[in-house]
Amino acid sequence: HNFKMDTNKMLAGMVKTHVAPGSIHPYFAFGANMSAKSLAARDVNLLNPEDSKAAMLLDYELKFELEAPFLNALEPRYANVRPCKGACVHGTIHFVTAEQFVTLDNIEGECYSRVTCSVKTYDGNLIQNVMVYSQTQSYPPLYVISPGLPGQRYIKLLIDGAIKAGLKEEWIKKLRQQPSKPFPDTDTVRSVIRGHSTFANTKTTMEWKEITKEMTVFGDLILSVPPTLPDQMHRIVGGQDKTHWFAGLVAYDKSENVDGKGNPLFTDEQHNFVRGVVYSWLSNTKQPAHIIGVLTPRRFPDLLPEIS
């Protein structure tokens, strides 16, 4: 397994601009991190969220070009910002501490450089030396520069975030016009599950106590974790129920509606996304997952009714 070696090589090429300990520094966000609530959910609590402002990142463009081969079940492409003279990206400028940048570095991952840029706020102020995360080269097996379409969930997240941040209508319109890859419909998901080579032999029902780190749970379907996934992905999904985790990725902010056990209630879009994850995992020929069994007692009979 050469993942560690690749990671060491990758880290050698990363740029993380120094921030003096104890200082507060401007940071430009263009995705989920535009939301103070989203940052707080990631343990970045802004000291003065009222100081955050809508702004434009100057001489950069938004590109959907980051492909994560081992995360294709989540999104076909992620957003990136790249230098482009005369272009701009709309987002939010926050003010965060040096210690919070350590947390943000971990959230964004090792592939991103944190560099300085110029930002112009909507009220006309030009702010220099603002931090922004950008990836400029491929670092397989984590992220590969390969232009493509974002997923329907991801582009909706950017649109919702832009609306909540009060970004200009011209930017929101641009995001709405961005083509995206739709969720697979229910019949397609049903077909791939029932047509999967391991489904016909799936007679096993398992209780939660029988789930091992080589398995992961989506809804009530138990899948094998592909052995070719990098170690960090094994830690994310191995031996865990990821139903609510994946469903939560659809919403910009966490849902306040919960069931009797305190779990967020799923919207139709969240149902579709979880089904889409199952579809992607089972139809991925490079890193195939296998159906191992069905969890008992069933908890989400409406989520994957095709396995009833």
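In the block above lies the structure referred to throughout.
Everything numeric here is computed off the predicted structure, so don't read it as measured data.

> I keep staring at the nonpolar core and nothing clicks. Help me out?
One recurring pattern in soluble globular proteins: nonpolar side chains tend to sit buried together. One finds Phe28, Leu57, Leu62 and Val89 to be the most contacted residues of the largest nonpolar core, which totals 47 residues. Of all the elements in the fold, those that place two or more residues in this core are strand E1 (24-29), strand E2 (53-67), strand E3 (78-97), helix H3 (98-108), strand E4 (113-121), strand E5 (126-134), helix H4 (152-164) and helix H5 (169-176). With 7 residues, the top contributor of residues to this core is E2. Setting aside its immediate chain neighbours within four residues, Val89 contacts Phe28, Phe30, Ala55, Met56, Leu57, Tyr60, Glu61, Leu62, Val81 and Trp171. Within the second largest apolar cluster, 19 residues are counted, among which are Ile193, Leu221, Trp281 and Ala289.

> Mind showing me how you'd approach the packing of helix H6 (residues 186-195) against helix H9 (residues 268-283) here?
Each packed pair of helices is defined by two parameters, the angle between the axes and the distance between the axes. Contact pair H6 / H9: the axes reach a minimum separation of 10 Å and the direction vectors enclose 40°. Considering only the axes of H6 and H9, their crossing is left-handed. Residues Thr186, Thr188, Val189, Val192 and Ile193 of H6 touch H9, and the partners they reach there are Arg275, Val278, Tyr279, Leu282 and Ser283. Residue classes in the contact of H6 with H9 are distributed as 6 nonpolar, 3 polar and 1 charged.

> Whenever I open this one, the sheet that holds strand E10 (residues 240-241) confuses me. Can you help?
Two strands in a sheet stick together by hydrogen bonds in their backbones, pointing the same way (parallel) or opposite ways (antiparallel). The strand order E7-E11-E9-E8-E10 describes an open sheet built from 5 strands, whose pairing is mixed. At either end of the open sheet lies a strand with only one pairing partner, and these are strand E7 (205-206) and E10. Where E7 lies against strand E11 (residues 291-295), 2 bridges are found, and the strand directions are parallel. Bridge assignment links Met206 to a residue of E11, and that residue is Leu295.

> I keep staring at the environment of Ser146 and nothing clicks. Help me out?
Relative to the helices and strands, Ser146 resides in the loop between strand E6 (144-145) and H4. Note: C-alpha distance between Ser146 and Glu65 (81 residues apart in sequence) is 4.9 Å.

> Would you mind showing me how to read the packing of H4 against H5 here?
In the contact formed by H4 and H5, the axes pass within 9 Å of each other and the chain directions differ by 170°. Taken together, the axes of H4 and H5 lie roughly antiparallel to each other. On H5, the residues that touch Ile155, Leu158, Ile159, Ala162 and Ile163 of H4 are Trp171, Ile172, Leu175 and Arg176. The residue inventory of the contact of H4 with H5, partitioned by class, reads 8 nonpolar, no polar and 1 charged.

What counts and how
Residues numbered from 1 in each chain as written. Predicted model: local features only at pLDDT ≥ 70, side-chain atom pairs only at ≥ 80, totals over all residues. Heavy atoms only, no water. Core = buried A, V, L, I, M, F, W, Y, C linked by side-chain atoms within 4.5 Å. Buried < 20%, exposed > 50% of the residue type's maximum accessible area, 1.4 Å probe, protein only. Helix = DSSP H or I, 4+ residues; strand = E, 2+ residues; numbered from the N terminus. Contact = heavy atoms within 4.5 Å. Axes fitted to C-alpha atoms, helices over the stretch in contact; angles between N-to-C directions. Left-handed = near helix turned anticlockwise from the far one by under 90°. Nonpolar A, V, L, I, M, F, W, Y, C, P; charged D, E, K, R; others polar. Pairing = 2+ DSSP bridges. Parallel < 35°, antiparallel > 145°, perpendicular 65-115°, else oblique.

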